[in-house]
Each structure stands twice: as C-alpha cells, then as structure tokens.
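# A closer look at the structure
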Amino acid sequence: MRTTPELEHYAAEFSGHRPHLTGVAYRLTGARADAEDAVQEAWLRLAGLDEPGRAAIRDLRGWLTTVVGRICLDRLRSAPARRERYVGQWLPEPVVTPFGAPPGDDPLEAAVRDDGLRMAAMVVLDRLTPEQRVAFVLHDAFGVPFAEIGDILGCPPATARQHGSRGRRALEQADPPPRAELAHQRQVLEKFVAALLAGDIAAVTELLHPDVVLIGDANGKARTARQIVAGPDKLARFLLGLLRKYAPETLTHGAPVLVNGDLGLWLPPAPGHDGFFALDERVQSMSIRDGRIVAIYDVVNPDKLTRITRPCGG
C-alpha cells in the first residue's frame, strides 16, 4: 500500500485511538488476539478508503468504534463453533501485569482499570448473545447510538435497543460483584493463602462466600477443575485435597499480579518430584463480595498465558 502524506496523517491519528479501540474489542471478544486483530483490520479498512472516502468521515473515533464493533460481531457469531470443541470451562483471556509495577505501554493495561473489564463482569458478558453483547457494550460503555448499532447488527434501531436492554438486564440479574479496594483484596488473599498452607479447613471455609464458585480453564492442556466447583464446604475440601498432591512449596513460589485490574496470583510451572504432581503455570484471580471470596478464576490454558506480563524472574 502506497503511503501518502494524507495517509500518514490518518496513521498518526489512528495510533492515538488504538488504546480505546483495543479496549472496545477486548470487552466485546474477551480475547487479546481477537481484539488486536479487529483493531488491525479496522486500520486496513480505513487505509483502504480513497481520500474522499476518508475525508467524508466526520468523527473518526466513532467511525472506527463502529467498524471494530462490526468485526467483533463476526467473531462472536463464529465463537459457538469454536467453543463446541473446547474442553471444560471457558474464561476470558486474562490481562496480567505484575503487582506494583509502573504502568506499561500496553493499551489493555489502561483499559482493564475500568470496572467493566474485571473478570467477573467479562464472564457475565460471555453469557450474552452476540447481538446483546455488541448492543450493550457499544451503547452503555461507549455511547454509540442505537441507529448505528442497528447498522452493525443489520436490524432496525428499535431492535438494537431491545438487544441492549436484554444485555443490560442479564448483567443486572447476574449481579457480578463490584471491584473491591486493592488493599482489601490483598488482606483477603493473604489470609486465604495462609489458611490453605496451614491446612485449616475451617479458616478456608470462613473466607468463602456462600455462593462461591471456582472456574478452571485449561482446554484439556493442563490440570484444573473441568467442571465448576460450587459451595464453600465443597470448594474448601477440593482445594485442600488438591494441595496435598503438590509439593509444599508450590504456593510460596507464586507472586502477586493484577489480573484485569484485580489482585491475583501467578504460579510458575514446577516439576513433579517425590510422588508430587508437576504444577502447570497458571494465573488465578478472585472476586470478593461482603468481605469473602465469591469466585476464583483459574486460567491454566497455556494458549491464554502466552501474552501475559510475568513478574521479574518469571
């Protein structure tokens, strides 16, 4: 593609919009690769216009947001076929950064500070239909008018509004817990890890919310719970039983990280020895409700850990 001064101008302007567009695409797809591909495709579509076509765009940010929404809709509609082949539960690809590290230049690092991109909210978004997700996210999070959303979905604005309302209602009914203060998250996490290491089932259970669930994501490529584990007593026994299969130092080698803006743990891979299982690399995060852990997300699928930022030495 031949570069012109006009195109260079648009390339510079597009670069300024890239963090916003990456956040839009990640919120819609839950996958970093899909988000980055959608943003790159949006650039190619912009660059592919002739100069009169680009000059006719009055609001470039809005135009690009709409284009990204349309591209992500196509990916969402193809997702069910991919999920049918997926082994076990599916979680969004985590955005991981070392805890306490200065902000980097990754556009998603800034995006996930938004409460709507915490793992608990992303899990709920994944339960929506593609049309509901696109309509809800684009309108409620980014203010795209329903007339434009209707163009993306191929439906009248009134129907697009219905999709958005149903998505909003589903999110409200699921009621994902709001993000707790990081200091509070750290206090709960430290108590939880200490109780696990001590093998204190009463203390572990006390830190778990009555509605707690553990969701593991490995796609059959690593060890985690294939089915959702629900309830404090069942989960406490499951975790303590699991720990007995790994070397005692397993948890002590972990490091705190931010997972979609919330506190979590990164655990490096470790070889098995003396009858203990080998540990697969994993990223674990949690959600807190009423001071107790209401969800644990265990991402072990190596394909979803290829782009994480690991702690120093990891």
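Above this text sits the structure in question.
Note on numbering: residues in each chain are counted from 1, in written sequence order. In keeping with the model being predicted, local features are shown solely for residues with a pLDDT of at least 70 and side-chain atom pairs are shown and tallied solely at 80 or more, while totals for entire chains, interfaces and linings include all residues. In computing side-chain values, all of the structure's heavy atoms are included and hydrogens and water are not.

### Brief notes about empty space enclosed by the protein
Our working definition: The definitions used throughout rest on a 1 Å grid laid over the protein atoms alone, on which a cavity is an enclosed set of points accommodating a 1.4 Å probe that cannot get out and a pocket is an open set flanked by protein within 12 Å on both sides along at least five of seven lines; lining residues are those having an atom within 4 Å of a point. Grid points are joined across faces, edges and corners, and a volume is the space filled by probe spheres set on the points.
Under the criterion given, the structure shown has one cavity of 30 Å³ or more. Taken as a whole, the largest cavity holds about 50 Å³ of empty space. Around the largest cavity sit Arg118, Pro177, Pro178, Arg179, Ala180, Gln185, Asp262, Met286, Ser287 and Ile288, which together line it.

### What about the layout of surface pockets?
For clarity, the cut-off: A run of DSSP states H or I qualifies as a helix once it reaches four residues; a run of E qualifies as a strand once it reaches two. Both are numbered from the N-terminal end.
The volume enclosed by the largest pocket comes to roughly 560 Å³. Lining of the largest pocket is provided by 28 residues; of these, Ala31, Asp34, Arg82, Arg83 and Trp90 occupy positions nearest its centre. Among the elements of the structure, α2 (32-47), α4 (60-84) and α7 (130-141) are those that each provide at least two residues to the lining of the largest pocket. The greatest single-element share of the lining of the largest pocket, amounting to six residues, is contributed by α4.

### Quick word on the packing of α7 against helix α9 (residues 157-174)
Our working definition: Axis definition: a line fitted to C-alpha atoms, over the contacting stretch in the case of helices. Angles run 0 to 180 degrees between N-to-C directions. Roughly parallel here means an angle under 35 degrees, roughly antiparallel means over 145, roughly perpendicular means 65 to 115, and every remaining angle is called oblique. Here, residues are in contact when the closest pair of their heavy atoms is within 4.5 Å. Gly is put with the polar residues, along with every residue not named as nonpolar or charged; the nonpolar set is Ala, Val, Leu, Ile, Met, Phe, Trp, Tyr, Cys and Pro, and the charged set is Asp, Glu, Lys and Arg.
Here α7 crosses α9 at 90°, and the two axes come no closer than 7 Å. Taken together, α7 and α9 sit at an angle that is classed as roughly perpendicular. Between α7, through Glu131, Gln132, Ala135, Phe136, His139 and Asp140, and α9, the contact on the second element is made entirely by Ala160, His163, Gly164, Arg166, Gly167, Arg168 and Leu171. Looking at side-chain class alone, the contact of α7 with α9 contains four nonpolar, five polar and four charged residues.

### Focus on the nonpolar core
For clarity, the cut-off: The definition of a nonpolar core used throughout is a set of buried Ala, Val, Leu, Ile, Met, Phe, Trp, Tyr and Cys residues joined through side-chain atoms within 4.5 Å. In this scheme, a residue with accessible area under 20% of its type's maximum is buried, one over 50% is exposed, and one in between is partly exposed, where area comes from a 1.4 Å probe on protein chains only.
Residues Tyr26, Leu46, Val134, Leu138, Ile149 and Leu153 are the most contacted members of the largest nonpolar core, which totals 44 residues. At the level of elements, α1 (5-29), α2, α4, α5 (107-111), α6 (119-125), α7 and α8 (146-153) are the ones that each hand at least two residues to this core. Once you skip the residues sitting within four places of it in the chain, Leu46 turns out to touch Tyr10, Phe14, Arg54, Ile57, Leu60, Trp63 and Leu64.

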